[in-house]
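An overview of the molecular structure
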Amino acid sequence: MEAPAAPHVPGESGASADDSGSSLRTTVQITVNAPDQMLELGRRLAKLLRAGDLVMLNGELGAGKTTLTRGLGEGLGVRGAVTSPTFVIARVHPSLGEGPPLVHVDAYRLGGGLDEMEDLDLDVSLPDSVIVVEWGEGKVEELTDDRLHVVIHRAVGDTTDEVRHVTVTGLGERWASVELGVLSA
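The structure reproduced in this document is the subject of the present report. Computed from a prediction, not measured in an experiment: that's the story for all the values here.

**Observations concerning helix α2 (residues 65–76)**
- Between the first and last C-alpha of α2 there are 16 Å, a value that for 12 residues agrees with the 16 Å anticipated at 1.5 Å per step.
- Buried within α2 are the following residues: Lys65, Thr66, Leu68, Thr69, Gly71, Leu72, Gly73 and Leu76.
- Considering only its buried residues, α2 is in contact with α1 (35–46), β3 (54–59), β5 (102–106), β6 (130–134) and β7 (147–154).
- In the stretch just after α2, Gly77 is the one whose phi turns positive, near 70°.

Set out below in structure tokens:
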């Protein structure tokens, strides 16, 4: 994996205020050339995660959101095969060791915001788990000011292009001092 030129160079300033000036944000951009590299990115990202972390994944269908989450599961050492929870909406993968469980949510079929997701009790699970929400933008931001926003861009249309451009943005105090640049190593 290689990191293309990005507006923010990891390690230079670390964090900056967003447009409102109210939250901190740190960003790294990574180029992934194959599915096994997306798995490895998930494993690397898992090393930065701890209980209470919210990760929002966004990208086109087939971009690699579930593959990245599978790598997170491997890196966190959780039980069970990490597969897309599209039809069950959420799956809990307990830790096989001392780490936090992984709660994997697919919000694709949910139209509303946090109100529609209330039945999932994500606010109850968050302090003790790592929660990953595919298609979470506009639906789960109210859970916490501290979260990772991962956007995966891929070529669309009739293509066999495996290249993905991944933008990882850490929002809030939790991520202000985390060096996301290690993800592109």
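**A word on the pairing of β7**
- In this structure, β3 lies alongside β7, joined through 5 bridges in parallel fashion. Paired with Met56 across the strands is His149, a residue of β7.
- As paired strands, β7 and strand β8 (residues 164–171) are joined by 8 bridges and run antiparallel to one another. Within β8, the position partnered with Arg147 by the bridge is Leu171.

**Concerning α1**
- Here α1 spans 17 Å end to end across 12 residues, near enough to the 16 Å set by a 1.5 Å rise per residue.
- Taken as a whole, α1 has its buried residues at Met38, Leu39, Leu41, Gly42, Leu45 and Ala46. The arc that holds every buried residue of α1, seen down its axis, measures 155°, which confines them to one face.
- If you follow the buried residues of α1, they end up packed against β2 (24–32), α2, β7 and β8.

**Observations concerning the nonpolar core**
- Membership of the largest hydrophobic core comes to 28 residues, with the highest contact counts inside it found for Val166 and Val168.
- Of all the elements in the fold, those that place two or more residues in this core are β2, α1, β3, α2, β6, β7 and β8.
- A per-element tally of this core places α1 first, with 4 residues.
- Setting aside residues up to four positions removed in sequence, Val168 forms contacts with Thr26, Thr27, Val28, Ile30, Leu148, His149, Val150, Leu180 and Leu183.
- Core analysis: the second largest hydrophobic core is formed by 9 residues, Leu54, Val103, Val105 and Ala107 among them.

**Remarks on the environment of Val103**
- Inspection of the secondary structure puts Val103 in strand β5.
- Owing to a relative accessible area of 5%, Val103 belongs among the buried residues under this scheme.
- Separated by 11 residues in the primary sequence, Val103 and Val92 place their C-alpha atoms 4.5 Å from one another.

Procedures and definitions
Residues numbered from 1 in each chain as written. Predicted model: local features only at pLDDT ≥ 70, side-chain atom pairs only at ≥ 80, totals over all residues. Heavy atoms only, no water. Helix = DSSP H or I, 4+ residues; strand = E, 2+ residues; numbered from the N terminus. Expected span 1.5 Å × (residues − 1). Buried < 20%, exposed > 50% of the residue type's maximum accessible area, 1.4 Å probe, protein only. Contact = heavy atoms within 4.5 Å. Pairing = 2+ DSSP bridges. Arc of directions from axis to C-beta. Core = buried A, V, L, I, M, F, W, Y, C linked by side-chain atoms within 4.5 Å.

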